Amino acid sequence: MLPIKVPRLICALTGKNQFYCSKHLSTSTQQFSSDTPKTQHYDIIIAGGGMVGTTLACTLGKNKKLACKKILLLEGGKKSSYQISDKYSNRVVALNPQTISLFKKIDAWKHIARYGTVKQLHVWDALSDAMINFNHDNMRDTVAYIIENDLILNSVNEEVNTLKTVTVENNAKVKECEIGDNPNVLLLENGSCYSCDLLLGCDGANSKVRDSMKAQYVNWSYNQRGVVATLHLKGAEENCVAWQRFLPTGPIALLPLKENMSSLVWSTTPAHADQLLKMSAQEFIDACNEALWKVYKIDGFVGEATKLIDNCLKVLNCPPNAIRQLPPSVCGFEEQSRAAFPLGFGHATKYVGDGVALVGDAAHKIHPLAGQGVNLGFGDIECLNRILGEAVYNGSTITNKDYLLRYETERQRHNVPTMLAVDGIHRMYNTEFTPLVMLRSIGLQLTHALTPVKRSIIGHASS
Ligand SMILES: Cc1cc2nc3c(=O)[nH]c(=O)nc-3n(C[C@H](O)[C@H](O)[C@H](O)COP(=O)(O)OP(=O)(O)OC[C@H]3O[C@@H](n4cnc5c(N)ncnc54)[C@H](O)[C@@H]3O)c2cc1C
């Protein structure tokens, strides 16, 4: 028995890569016993194996400049077992072309067995005649890809399993982390203990890593829930248009999966979301159709203002107002596919600390109305991967704060404006106040008419 002082979670280096975890020592004696768990050391530990954490593990594991780094991915949940079937999962995301390039780079794209393509995004306001279309070069290029979350996770995992430097542990929920005093130490709920040079927090919006960093987190709830379901449609044979209608209670969106099948994301009040989940199948179908088709009374001022702007744009020879397109109608939905998720905003004021960085929803969470949430996370991955590679290539370490701060700066420059824009759109559309309805309608008309503005929006959302 060896008496020892314990300043931290970890108490002694006993070999090359092994520590003993102080949490398991009796505090009265502070002595090792035979059942004291050993702590294994990794260069990089990624906490959280969701879409972002798993893709990060794969990307870093494939980075030749980081080839000598041992990486551990800790996921609190059980191992996912995905089998493709006729049934589509109700959880999907719209991925931008930049994210697809990342999947191609890490060879995960070849495992994505199916996806829906969005060639055009048609957005319209229930309280005015304003509408907008987003598409590339007359619908030749794909604006976004609709893919099931489980399929993404499974596809990236297939590639992770081929990597010798990446170890994955499931049922490995991080209970405590002690960070900032190299090495970082993590204690899991299952009693295991690990240490690492660099800890990457990919543990979602309620991040334990973020809490341990003591990062300030600006957040609020939208008092809305996102109702999802897999819908059967009539009149969507080609089905390559994503539809989004802004209702007074929140936007309803249909994201194409395949011929006559789309995924629903309907943001609405918590009370209405509860009703939508509980109502009979026929009532739910009727509610979806009403949300897409109901004619709302348009305020006289708003109607006149949009007509006036339209005429001015015609005189100026700008592209005419978008032609109203008729959405498909809903004729059924997959049983058991209805579910609802709380919607909120969250942003960590710092993404990095000593030997630690946040990635994905752990750093930032946004409203799904623009389909940007996980795309921002995948953008973080590309940036962090490049910067860590550069650090090693330049003879520095992966924990060098200058490099980590470069990651924070680059990503905050991209993420913050996107998040504020999405939050602003939510606020503009979450009201029936006539001056704001008028303002947003004119804004939508002008954005549609001014092609460079529209191009720059598509460009920003795709990067
Ligand atoms: C209705 C809805 C629709 C959306 N649509 C889109 C869209 O179209 N496009 C888009 O880009 N985004 C969309 N999003 C956002 C997107 O779903 C999220 O941005 C994305 O899931 C975040 O991924 P993540 O891996 O960062 O976090 P999460 O998905 O939250 O994953 C975190 C992982 O960490 C694990 N974990 C948590 N705590 C611990 C711990 N202590 N120890 C170990 N593991 C832990 C969890 O088990 C989980 O697997 C949508 C969101 C909602 C709610």
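Residues numbered from 1 in each chain as written. Predicted model: local features only at pLDDT ≥ 70, side-chain atom pairs only at ≥ 80, totals over all residues. Heavy atoms only, no water.

1. A word on the overall build of the protein
Next up, step 1: Helix and strand counts for the protein come out as 11 helices and 22 strands.
Next up, step 2: Across the 463 residues that make up the protein, the buried fraction comes to 54%.
Next up, step 3: In the structure as shown, the protein presents an accessible area of about 20900 Å², 52% of it carried by carbon and sulfur atoms. (Helix = DSSP H or I, 4+ residues; strand = E, 2+ residues; numbered from the N terminus. Buried < 20%, exposed > 50% of the residue type's maximum accessible area, 1.4 Å probe, protein only. Areas by Shrake-Rupley, 256 points an atom, 1.4 Å probe, with all protein chains shown as cover.)

2. Side note on the environment of Lys69
Next up, step 1: Note that Lys69 resides in the loop between α1 (51–62) and β4 (71–74).
Next up, step 2: On the basis of relative accessible area, Lys69 is assigned to the buried category, the value being 17%.
Next up, step 3: As for Lys69 and Asp43, which are separated by 26 residues in sequence, their C-alpha atoms are 5.6 Å apart.
Next up, step 4: Leaving out residues up to four positions away in the same chain, Lys69 has contacts with Asp43, Thr165, Val392 and Ile398. (Contact = heavy atoms within 4.5 Å.)

3. Description of the environment of Gln40
Next up, step 1: With respect to the secondary-structure elements, Gln40 resides in strand β3 (residues 38–47).
Next up, step 2: Its relative accessible area of 34% is what places Gln40 among the partly exposed residues.

4. So, the side chain of Ser263
Next up, step 1: Tracing the chain through its elements places Ser263 in strand β17 (residues 261–268).
Next up, step 2: Since its relative accessible area comes to 1%, Ser263 is described here as buried.
Next up, step 3: Residues contacting Ser263, with those up to four places away along its chain left out, are Asn90, Val92, Ala229, Ala253, Leu254, Leu255 and Leu257.

5. Describing the pairing of β4
Next up, step 1: In β4, alternate side chains face the same way, and those of Ile71 and Leu73 on one face and Leu72 and Leu74 on the other are all buried.
Next up, step 2: One ladder, built from 4 bridges, connects β3 with β4; its direction is parallel. Among the inter-strand pairings, Ile44 is bridged to a residue of β4, identified as Ile71.
Next up, step 3: Direction of pairing for β4 relative to strand β10 (residues 166–169): parallel, over a ladder of 4 bridges. Across the sheet, Leu74 pairs through a bridge with Glu169, a residue of β10. (Pairing = 2+ DSSP bridges.)

6. Section: the pattern of salt bridges
Next up, step 1: Summed over all chains, the structure comprises 12 salt bridges.
Next up, step 2: Linking Glu159 and Lys62 is a salt bridge whose minimum nitrogen-to-oxygen distance equals 2.6 Å. Residue Glu159 is found in helix α3 (residues 149–160), and its partner Lys62 is found in helix α1; the two are separated by 97 residues along the sequence.
Next up, step 3: For Glu159, the salt bridge is made with Lys110, and the minimal N-O distance between the two is 3.2 Å. With a gap of 49 residues between them, Glu159 in helix α3 and Lys110 in the loop between α2 (97–105) and β6 (116–118) connect regions that are remote in the sequence.
Next up, step 4: Each of Lys62, Asp107, Lys110 and Glu159 takes part in salt bridges that share partners, so that together they form one network. (Salt bridge = Lys/Arg side-chain N within 4 Å of Asp/Glu carboxyl O.)

7. Quick look at the site of the ligand
Next up, step 1: Contacts to the ligand come from 27 residues, most closely from Glu75, Ala94, Val174, Asp361 and Val374.
Next up, step 2: Between Ala94 and the ligand, the recorded distance is 2.8 Å, taken from a backbone N or O atom to an oxygen atom.
Next up, step 3: The separation between a nitrogen atom of the ligand and a polar main-chain atom of Val174 is 2.9 Å.
Next up, step 4: Starting from 1000 Å² of accessible surface for the ligand in isolation, the protein chains cover 82%.
Next up, step 5: Of all the secondary-structure elements, those providing two or more residues to the shell around the ligand are α1, β5 (92–95) and α8 (373–393).
Next up, step 6: Ranked by residues supplied to the shell around the ligand, first place goes to α8 with 3 residues.
Next up, step 7: In terms of residue class, the shell around the ligand is made up of 12 nonpolar, 10 polar and 5 charged.
Next up, step 8: In terms of domain composition, the shell around the ligand takes at least three residues from each of domain 1 (10–82 + 152–219 + 342–420) and domain 2 (92–150 + 223–341 + 432–461). (Near = heavy atom within 4 Å. Polar contact = N/O pair within 3.5 Å; in protein donor to acceptor, adjacent residues only side chain to side chain. Nonpolar A, V, L, I, M, F, W, Y, C, P; charged D, E, K, R; others polar. Domains from an automatic or database assignment.)

8. Some words on a nonpolar patch on the surface
Next up, step 1: Taken together, the side chains of Leu446, Leu450, Val453 and Ile457 make up a nonpolar region of the molecular surface, amounting to roughly 280 Å² of accessible area.
Next up, step 2: Structurally, Val453 is set in helix α11 (residues 451–461). (Patch = residues over 30% accessible without salt bridge, like charges linked within 9 Å, V, L, I, M, F, W, Y side chains within 5 Å.)

9. Points about the side chain of Asn289
Next up, step 1: Inspection of the secondary structure assignment puts Asn289 in helix α6 (residues 281–293).
Next up, step 2: Apart from residues no more than four positions distant in its own chain, Asn289 is found in contact with Lys294, Ser329 and Val330.

10. Details of the sheet that holds strand β9 (residues 144–148)
Next up, step 1: Pairing within the open sheet is antiparallel, and its 3 strands lie in the order β5-β9-β6. Because the sheet does not close on itself, it has two edges, and the strands there are β5 and β6. Within the sheet, the average angular offset between the axes of one strand and its neighbour, ignoring direction, is 25°.
Next up, step 2: In the packing of α3 onto the sheet, contacts are made with β5 and β9, and the angle to β9 comes to roughly 85°. (Axes fitted to C-alpha atoms, helices over the stretch in contact; angles between N-to-C directions.)

11. A short note on the confidence of the model for the protein
Next up, step 1: Averaged over every residue, the pLDDT of the protein is 89; residues scoring 70 or more account for 89%.
Next up, step 2: Long-range and interchain partners of residues 10–17, a stretch whose pLDDT sits below 50, account for 25 contacts in this model, where long-range means more than four residues apart.
Next up, step 3: Contacts for the low-pLDDT stretch residues 23–34, under 50 throughout, to residues beyond four places or in other chains number 27 contacts. (pLDDT = per-residue confidence, 0-100.)

12. Observations concerning α6
Next up, step 1: The end-to-end C-alpha distance of α6, which contains 13 residues, comes to 18 Å, matching closely the 18 Å that a straight helix rising 1.5 Å per residue would cover.
Next up, step 2: Taken residue by residue, α6 has Phe284, Ile285, Ala287, Cys288, Asn289, Ala291 and Leu292 as its buried positions. (Expected span 1.5 Å × (residues − 1).)

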